[in-house]
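Structural overview
One-letter residues, chain by chain:
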Amino acid sequence: MNFKRIEWIFFVAFIALDVFLVSSYFQQGPVPDSNTNRSENTTVSVLKSMRDDQINVGKTSDEAGNGYYVSSPNDNDLKSKGSNLHYQNWNYNNNLINSTFATMIKLNTHNPQKTLKTIVNDPNQIIDGKDYKYCEALSTSDTIVYAQYIYGKPVYDEAGQIRFHVKNGYVEGYTQGHLKDVQPLRGERKTLSQKRALIWLYQYNKLPSNSTVEWSHLTYSKLLSVNGNTVYIPTWVFYIKNDASGSTMYRRINAFTGAVMDEEND
């Protein structure tokens, strides 16, 4: 990807980001004041409010991280390599391979990566499997997730994951997306700390009372697609359990701007 093309993607991405933030402002109210000198918005007072609302957040970090705006081309690389796959039936749609194994694979449910390591590393069964790592936090009893990593952070999007489908203790098949030729769009930037992202999530009223934050991770998520490429940004992902109902949900915060992103429920 040449410099002018990167510059153009970056320019359009920031226009879209501005539109997104303005929309978020009017839909959800102003971005919380980050001036911790104001008593009503101090970290201490907000964390106390969380405790009063019976929200268990555990230990959180004040340390800011680093990240980039990055882009990856939308191409048919997986499709072109599909002829190398054996022992399965597959099709290609929306830049994803959807595959069903000819013979289902008995899964070690207590240590799924032990079962799947050989498969992921076999180029006759998984394309570019070496680019993925087992992601326990995103895995469930029905779906085992292997994610690509961008600058040390997992990709929180199916476009950069292998998602193995499990039924009755057997792996039936998988869905795979692959990010190729990931490029930074500009220099490294600071990200919000885990604690700050959590506080903003609470101030946006996205943390229900009587709930527990089971885990949180700094990941990369899709921001937008433009000019045949997809732009990804650092994102704080929180996995939350409602202690009253037992239901779970994911909440996401743009780690650069603090804007709330789309929501997902299990």
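Heads up: the structure comes first, above all this text.
Below is a short write-up of the structure. (Residues numbered from 1 in each chain as written. Predicted model: local features only at pLDDT ≥ 70, side-chain atom pairs only at ≥ 80, totals over all residues. Heavy atoms only, no water.)

What follows deals with the pattern of salt bridges. Following the criterion strictly, the structure yields 6 salt bridges and no others. Lys81 is the salt-bridge partner of Asp128, the closest N and O atoms lying 2.9 Å from each other. Within this pair, whereas Asp128 is found in the loop between α4 (112-120) and β6 (132-134), its partner Lys81 is found in helix α3 (residues 77-81), the two being separated by 47 residues in sequence. Of the residues examined, Asp128 reaches a relative accessible area of 18% and is grouped as buried. On the basis of relative accessible area, Lys81 is assigned to the partly exposed category, the value being 27%. A single network of salt bridges, built from pairs that share partners, joins Asp77, Lys81, Asp128, Lys130 and Lys180. (Salt bridge = Lys/Arg side-chain N within 4 Å of Asp/Glu carboxyl O. Helix = DSSP H or I, 4+ residues; strand = E, 2+ residues; numbered from the N terminus. Buried < 20%, exposed > 50% of the residue type's maximum accessible area, 1.4 Å probe, protein only.)

This part is about helix α2 (residues 43-52). Those residues of α2 lying buried are Val46, Leu47 and Met50. One side of α2 holds all its buried residues, which, seen down the axis, span an arc of 100°. Among the exposed residues of α2, those oriented more than 90 degrees off its buried face are Val44, Arg51 and Asp52. Where α2 is buried, its residues touch β1 (55-56) and α5 (194-203). Phi turns positive, to about 60°, at Gln54, one or two residues after α2. (Arc of directions from axis to C-beta. Contact = heavy atoms within 4.5 Å.)

As a further point, take the pairing of strand β3 (residues 70-73). Both faces of the sheet carry side chains from a regular strand, because those side chains alternate between them. The pairing of β3 with strand β11 (residues 183-184) spans 2 bridges and is classified as antiparallel. Opposite Val70, over in β11, you have Pro184 as the bridge partner. Strand direction decides the pairing type here: β3 and strand β14 (residues 229-242), joined by 4 bridges, are antiparallel. Note that in β14 the partner of Val70 across the bridge is Tyr232. (Pairing = 2+ DSSP bridges.)

This next bit is on the packing of aromatic side chains. Per the counting criterion, the structure on display carries 11 aromatic pairs. Centre to centre, the rings of Tyr146 and Phe164 are 5.8 Å apart; their planes meet at 80°, and the pair counts as edge-to-face. Taken as a pair, Tyr146 in strand β7 (residues 143-150) and Phe164 in strand β9 (residues 161-167) lie far apart in primary sequence, 18 residues in all. Here Tyr146 falls in the buried class, since its relative accessible area comes to 5%. Here Tyr156 and Tyr250 contribute two aromatic rings whose centre-to-centre distance is 6.0 Å and whose plane-to-plane angle is 55°, an arrangement assigned as tilted. Residue Tyr156 is found in the loop between β8 (153-154) and β9, and its partner Tyr250 is found in strand β15 (residues 248-254); the two are separated by 94 residues along the sequence. What makes Tyr250 buried here is its relative accessible area of 8%. Looking at Lys133, its charged tip hangs above the ring of Tyr149, at a distance of 5.1 Å from the centre. Stacked on the ring of Phe256, the Lys or Arg Arg189 has its end atom at 4.5 Å from the ring centre. (Phe/Tyr/Trp six-rings, centres within 6.5 Å; stacked < 30°, edge-to-face > 60°. Lys NZ or Arg CZ within 6 Å of the ring centre and 35° of its normal.)

A word on the packing of α2 against α5. Contact pair α2 / α5: the axes reach a minimum separation of 11 Å and the direction vectors enclose 60°. One way to sum up the angle between α2 and α5 is to call them oblique. Where α2 crosses over α5, the two elements pack in a sense that is left-handed. Packed against α2, whose contacting residues are Thr43, Val46, Leu47, Ser49 and Met50, the element α5 presents Lys195, Arg196, Leu198, Ile199, Tyr202 and Gln203 at the interface. In terms of residue class, the contact of α2 with α5 is built from 6 nonpolar, 3 polar and 2 charged. (Axes fitted to C-alpha atoms, helices over the stretch in contact; angles between N-to-C directions. Parallel < 35°, antiparallel > 145°, perpendicular 65-115°, else oblique. Left-handed = near helix turned anticlockwise from the far one by under 90°. Nonpolar A, V, L, I, M, F, W, Y, C, P; charged D, E, K, R; others polar.)

Looking now at the nonpolar core. In this structure, Met50, Leu207, Trp236 and Phe238 are the most contacted members of the largest nonpolar core, which totals 23 residues. Where this core is concerned, the elements lending two or more residues are α2, α5, β13 (211-226), β14 and β15. Of all the elements, α5 adds the most residues to this core, at 6 residues. Judged by nonpolar contacts, the second largest core, of 20 residues, contains Leu78, Ile105, Ile119 and Ile162. (Core = buried A, V, L, I, M, F, W, Y, C linked by side-chain atoms within 4.5 Å.)

The next subject is the side chain of Ser221. By secondary structure assignment, the location of Ser221 is in strand β13. One polar contact links Ser221 to Arg252, side chain to side chain, over a distance of 2.9 Å. Discounting chain neighbours no more than four positions away, the residues touching Ser221 are Tyr156, Val231, Tyr232, Ile233, Thr235, Arg252 and Met261. (Polar contact = N/O pair within 3.5 Å; in protein donor to acceptor, adjacent residues only side chain to side chain.)

For α4, every residue scored as buried is listed here: Pro112, Thr115, Leu116, Ile119 and Val120. Buried residues along α4 cover an arc of 125° about the axis, so they all sit on one side. Looking at α4, the residues exposed on the side facing more than 90 degrees away from the buried face are Lys114, Lys117 and Thr118. In this fold, the buried residues of α4 make contact with β5 (96-106), β6, β7, β9 and β10 (170-176).

Everything listed here is a matter of coordinates, which is why it stays silent on function.
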